[in-house]
Amino acid sequence: NARGSSFSFSVAACMGDVAALLCALRSEDSQSRGLAEQELARVRGNPELLPLLFLAIDGGGPNAQLAAVLLSWEVPRTFQLLPAEDRVALQSRVLKSLEASDRAVVRSVADAANSLAQAIAANEDRLWVELLHTLAQLVASGQDLQREMGFYTASLLVCLTRCGGAELPGGC
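Just so you know, the residues in each chain are numbered from 1, in the order the chain's sequence is written. Thresholds applied to this predicted model are a pLDDT of at least 70 for local features of residues and 80 or more for the giving and counting of side-chain atom pairs; totals over whole chains, interfaces and linings are not thresholded and use all residues. Hydrogens and waters are ignored; side-chain quantities use all the structure's heavy atoms.

Caption draft 1: Structural context of unusual backbone geometry. Here D125, not a glycine, exhibits a phi torsion of approximately 55°, which is positive. Labels follow the DSSP assignment, with helices taken as runs of H or I lasting at least four residues and strands as runs of E lasting at least two, numbered in each case from the N terminus. Along the chain, D125 falls in the loop between α6 (103-124) and α7 (129-139).

Set out below in structure tokens:
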């Protein structure tokens, strides 16, 4: 079992596989990409994929943005499958990743934060208050990228309540 006692389990061996999968998904070779897409379809919905995607995001480089995009796809599928302590750890990791320095990665993580906010609203019937606090800090930041990403993420949440997304507790 690759999974330790918590969401932050040690995944050194699996990380190489995920890095290879991400590279193959970005490949110009259609056969390699097709095989990678099949493998991705096989592992999707497995909560153990989430920390591997965070490691790829944290590692930066060309795989980080793709890992963040995949994270936004996986959060709605796997959130309910996580034990309560892992849900909290997931929320914390997403908030931390909103402070990354690569604009494309942060934008994709913001999409993941929006997906997670929707999952929390739909499954736990509550707002993700910590996200709102983090967005306030980002918007008040002296760094242009952090301010921009704070406003971008907040705009996604506005769409969540106004554009047919999950209805938040208490309405708009």
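Still to come is the rest of the account.
Caption draft 2: Structural context of the pattern of salt bridges. By convention in these notes, a salt bridge is any Lys or Arg side-chain nitrogen within 4 Å of a carboxyl oxygen on Asp or Glu. Counted according to the given criterion, the structure contains 7 salt bridges. For E74, the salt bridge identified is with R44, shortest N-O distance 2.4 Å. Taken together, the positions of E74 in helix α4 (residues 62-78) and R44 in the loop between α2 (30-43) and α3 (49-59) put the pair 30 residues apart, joining distant regions of the chain. One network of salt bridges, in which partners are shared, links R87, E124 and R126.

Caption draft 3: Inspection of the nonpolar core at higher detail. W128 and L131 are the most contacted members of the largest nonpolar core, which totals 43 residues. Of all the secondary-structure elements, those providing two or more residues to this core are α1 (12-25), α2, α3, α4, α5 (84-97), α6, α7 and α8 (144-162). For this core, the element with the highest residue contribution is α6, accounting for 9 residues. Joining through side-chain atoms within 4.5 Å is the link that ties buried Ala, Val, Leu, Ile, Met, Phe, Trp, Tyr and Cys residues into a set, and such a set is a nonpolar core. Each residue is placed in one exposure class: buried if its accessible area under a 1.4 Å probe, protein chains only, is under 20% of its type's maximum, exposed if it is over 50%, and partly exposed if it falls in between.

Caption draft 4: Structural view of a nonpolar patch on the surface. Residues L127, V129 and L132 make up a contiguous nonpolar surface patch of about 230 Å² in total accessible area. One can find V129 in helix α7. Any residue with relative accessible area above 30% and no salt bridge may belong to a patch, with like charges joined within 9 Å and the nonpolar Val, Leu, Ile, Met, Phe, Trp and Tyr side chains within 5 Å. Reported accessibility uses the Shrake-Rupley method at a 1.4 Å probe radius. Residues are deemed covered only where the shown protein chains occlude them.

Caption draft 5: The arrangement of the packing of aromatic side chains in detail. Each Phe, Tyr or Trp ring, with Trp reduced to its six-membered ring, pairs with another whose centre is within 6.5 Å; inter-plane angles below 30 degrees give stacked pairs, above 60 give edge-to-face pairs, and intermediate values give tilted ones. According to the stated counting rule, one finds 0 aromatic pairs in the structure shown. The residue whose ring lies beneath R87 is F79, and the NZ or CZ to ring-centre distance is 4.7 Å. Over the ring of Y152 we find R107, and its NZ or CZ is 3.9 Å from the ring centre. Charge-over-ring placement is defined geometrically: NZ (Lys) or CZ (Arg) within 6 Å of the ring centre, and within 35 degrees of the ring normal.

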